[in-house]
Amino acid sequence: MIFIFIAGSKSEEVKISLNKEGKREELMVIFAGRGNDVIDINLAFIHEAPATQGRIIVRGVLRDQSSAKIKGLIRINKGARESEGFLEQRTLLVGERSKVENLPYLEIENHDVKASHAVTVGAVNQEQMFYLRSRGLSEKEALALLIEGFLGQAVAGERGNQVGSKLEEVKAYALG
Amino acid sequence: MEGPGTYRFGFSDPEDYVFKAEKGLSSRVVEQISHVKDEPGWMRELRFRALRIFERKSLPAWGADLSRINFNDFYYYIRPSDRQARRWEDVPKAIRQTYEKLGVPQAERKLLAGVKAQYESEVIYGSLRRELSKQGVIFLSMEEGLVKHPDIVKRYFGTVVPPADNKFAALNSAVWSGGSFVYIPPGVHVQLPLQAYFRINAEHMGQFERTLIVAEEGSFLHYVEGCTAPTYSSDSLHSAVVEVVVKKGARVRYTTIQNWSKNVYNLVTKRAWVGEDAVMEWIDGNIGSKVTMKYPSAHLMEKGARGEILSLTYADFGQHQDAGGKVIHAAPYTSSVITAKSISRGGGRNSYRSFLEINPGAVGSRAHVRCEALILDSRSRSDTYPTIRVNEKQVNVGHEATVSRVGEEQLFYLRSRGLTEGEATSMVVNGFIEPIVRKLPLEYAVELNRLIEMEMGGSVG
């Protein structure tokens, strides 16, 4: 499992080749932007060998007028039969002028595979917000809790170690 | 006029044209087209302006391979007969027989709201039921529309798809010929689908029909367009522009089943302007052609506008279907749904391509995209290329796509019930496309199912 944490403006490019039969790889990208941050993420998994498995999860929060462009490619070459690829990109827009562009690409050249992707973009769930505020939390506290939940979900079970502390840094940046 | 009486049920009619512009594209050819059509000055100007834009613009840097198109190798205008037939009986026999071969339902045509059949570059047959005329519905060829309703045409022509939109919109604007002009007055509901059939005939013949649909407030229309074409040895070019204006509270559904022969470049721009609480639905089936690049668009310009795009593509050997859709959310509380399904087999390639944008201020908007691809063999290819741009936070945007093969369990089950592998695959594919077929008028649903079965039957024998 590969983790990438992004707090603030950054250009990140990752290209992973699944070139050995049966090879498995998972990539997790957590990002946060605020102010005028511009985040550019370009990810590619290339399945070159049979029975390879790839999984990419991207989660991020954008505040103020920060923006992100997220490109994710799953490519399964002709010879990579019985392979599986999955990509998920989820962005929470918190800032009034925050924006995000998603480009989830699939290029599939073999029929004996499974490949899929999913993208969601939206603001904080208003019902959850209402619930938390009805329990006495301030708007800021409620928002912090929801952001923490959104980012933390992706790396559940990684608390207390190095990954956990990196996650804390991104969360702190998002809430700071 | 009499058509050639020697037509056999082969694929190509003997060419018998009254007027054929010289081969290739030049201001002379554009001048000729405008002259033959005896057009007003503004349209002539628009054509010339578009030609200059076409010459300046480069081919798109993305999408299918268009490098082998030689624009000077086509005829840009041919008129098959020098007047429009008023009754079915007046349509030249050869042409009538061609439509019979294509399965245009002549016996059913009284049931249809009107039949416009485009053979070569001009609409040669048109009928409109009397009650529709009484309701004030206008359904004419684009040329007739320009003559009889110059104000409406001038007001909307080129406003939804400007000539500078892309290279092929510019090409069409410069040399357009034929197509339909439809006007639905406020509050009028056209109960039966309006239908138009297009087909290419002469070798090297480009076809550039231009369609404009204006649906006034609270009106309803279902427009159906189908294409089939005979096979020729050299490449052919089809580049249409369709503009639809859907005003407040109106609803327009535009259905296309594209089945050009497998040497046709099909490069089409279709776009709708959608007003307050209005609904635009594109149902777009692409089965034929060598290369298709087509992304029906809905520009949701006023509060509560809704766009729906249903895309079905089928790619076999030598085919590349680069299709999908485009939606711009430019107002609050707008919503859109894109559903795309593709089937790749025999070395064919499908590329789903879409552009979805939510503008700042389009609060409360919802957009959902669902994209499913089926690959039937190891030689075929399937791509998914969406762009999802969200510039407003108070929205709900979701996109999902999957690529898979026909399930072994499904096949095993069907075969255990006594079906051959071919029959079983065909049945699974039919189930896969059913959500789209269900939205088609009956005769189209039948035709589409038959087409898919015929295509599938080829390999599985």
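Note on numbering: residues in each chain are counted from 1, in written sequence order. Numbering of ligands from 1 and lettering of chains from A proceed in the order in which they are written. Where totals are concerned, whole chains, interfaces and linings use all residues; where local detail is concerned, this predicted model gives features only for residues with pLDDT of at least 70, and gives and counts side-chain atom pairs only at 80 or more.

Participant: What exactly am I supposed to notice about the overall build of chain B here?
Facilitator: The way it works is that DSSP assigns letters per residue, a run of H or I at least four long becomes a helix, a run of E at least two long becomes a strand, and they are numbered from the N terminus. Looking only at helices and strands, chain B features 10 helices and 23 strands. Of all 461 residues assigned to chain B, the portion counted as buried reaches 52%. Taking contacts inside chain B between residues at least 6 apart in sequence as the whole, the part at least 24 apart equals 82%. Any residue whose C-beta has 12 or fewer other C-beta atoms within 10 Å is treated as exposed, any with 20 or more as buried, and any in between as partly exposed, C-beta atoms being built from the backbone. Any pair of residues counts as being in contact when their C-beta atoms, constructed from backbone geometry, are within 7 Å of one another.

Participant: Can you help me understand the pairing of strand β15 (residues 291–294) of chain B in this one?
Facilitator: Residues and elements named next belong to chain B. Neither face of β15 is open: one carries Val291 and Met293, the other Thr292 and Lys294, and all of them are buried. Any two strands are treated as partners once DSSP identifies two or more bridges connecting them. Of the strand pairs in this sheet, strand β13 (residues 264–274) and β15 are connected by 4 bridges, and their pairing is parallel. Bridge pairing links Val268 to Lys294 in β15. Direction of pairing for β15 relative to strand β18 (residues 320–329): parallel, over a ladder of 4 bridges. Counterpart to Thr292 in the pairing with β18 is Gln321.

Participant: Whenever I open this one, helix α2 (residues 41–56) of chain B confuses me. Can you help?
Facilitator: Residues and elements named next belong to chain B. To estimate the expected span of a helix, subtract one from its residue number and multiply by 1.5 Å. Taking 1.5 Å per residue as the helical rise, α2 with its 16 residues ought to reach 22 Å, and the 23 Å between its terminal C-alpha atoms agrees with that figure. Taken together, the buried positions of α2 are occupied by Leu46, Arg47, Ala50, Leu51, Ile53 and Phe54. Viewed end-on, α2 has its buried residues packed into an arc of 165 degrees, placing them on one side of the element. In α2, the exposed positions that point more than 90 degrees away from the buried face belong to Gly41, Glu45 and Arg56. In this fold, the buried residues of α2 make contact with α1 (27–36) and α7 (167–175). Starting at the helix axis, one direction is taken to each C-beta atom, and the arc is that of these directions.

Participant: Hey, could you run me through the interface of chain B and chain A in this one?
Facilitator: Accessible area lost when the parts come together is the quantity often used to give the size of an interface. Of the residues lining the interface, 30 residues belong to chain B; the matching set on chain A comes to 30 residues. Three categories are distinguished: nonpolar for Ala, Val, Leu, Ile, Met, Phe, Trp, Tyr, Cys and Pro, charged for Asp, Glu, Lys and Arg, and polar for the others, with Gly belonging to the last. Residue composition of the side of chain B that touches chain A, grouped by class: 11 nonpolar, 12 polar and 7 charged. As defined by bridge partners, strand β8 (residues 99–108) of chain A adjoins strand β22 (residues 381–390) of chain B across 6 bridges and the pair is classed as antiparallel. Residue pairing across strands places Glu107 of chain A opposite Asp383 of chain B, the latter belonging to β22 of chain B.

Participant: Explain unusual backbone geometry to me, please; I cannot follow it from the model alone.
Facilitator: Both trends apply: most residues other than glycine have a negative phi, and most peptide bonds are in trans. All names here are of chain B. The phi dihedral of Asp38 falls on the positive side, at around 55 degrees, and the residue is not glycine. When you line up the elements, Asp38 lands in the loop between α1 and α2. Residue classification places Asp38 among the exposed residues on the basis of 9 C-beta atoms within 10 Å.

Participant: Would you take a moment to explain the environment of Glu143 of chain B for this structure?
Facilitator: Residue and element names in this part refer to chain B. Turning to its location among the elements, Glu143 is positioned in helix α5 (residues 142–148). Glu143 gets classed as buried once you count the C-beta atoms within 10 Å, which come to 23. For the pair formed by Glu143 and Ser382, sequence separation is 239 residues and the distance between their alpha carbons is 40 Å.

Participant: So what exactly am I meant to see when it comes to α7 of chain B here?
Facilitator: What sets the pattern is the α-helix's 3.6 residues per turn: residues three or four places apart point alike. The element α7 of chain B is extensively covered by neighbouring structure, given that 9 of its 9 residues are classed as buried. On its buried side, α7 of chain B packs onto α1, α2, β8 (210–215), β11 (241–246) and β13 of chain B.

Participant: Help me understand the confidence of the model for chain B in this model?
Facilitator: In low-pLDDT segments, the atomic positions of the prediction should not be examined closely. All names here are of chain B. pLDDT is a per-residue confidence score from the predictor, ranging from 0 to 100. For chain B, the average pLDDT comes to 82, and 78% of its residues sit at 70 or higher. Low pLDDT (under 50) marks residues 229–233, which in the prediction has 16 contacts with non-local residues, meaning those over four places away or in another chain. The ipTM for the predicted assembly is 0.91, set against a pTM of 0.87.

Participant: Looking at this structure, I do not really get the packing of helix α1 (residues 126–134) of chain A against helix α2 (residues 139–154) of chain A. What am I missing?
Facilitator: Two measures define how a pair of helices packs: the angle their axes make with one another and the distance between the axes. Residues and elements named next belong to chain A. For helices, the axis comes from a line fit to the C-alpha atoms of the stretch in contact; other axes are also lines fit to C-alpha atoms, and the angle between any two N-to-C directions lies between 0 and 180 degrees. Between α1 and α2, the least distance of the axes is 9 Å, while the angle of their chain directions is 130 degrees. Relative to α2, α1 is oriented oblique. Taken as a pair, α1 and α2 cross one another with a handedness that is right-handed. Residues Gln128, Met129, Leu132 and Arg133 of α1 pack against Glu139, Ala142, Leu145 and Leu146 of α2. Here the angle decides the label: under 35 degrees means roughly parallel, over 145 means roughly antiparallel, 65 to 115 means roughly perpendicular, and every other value means oblique. Helix crossings get a hand from a simple test, with the near helix turned counterclockwise from the far one by less than a right angle marking a left-handed crossing and a clockwise turn marking a right-handed one.

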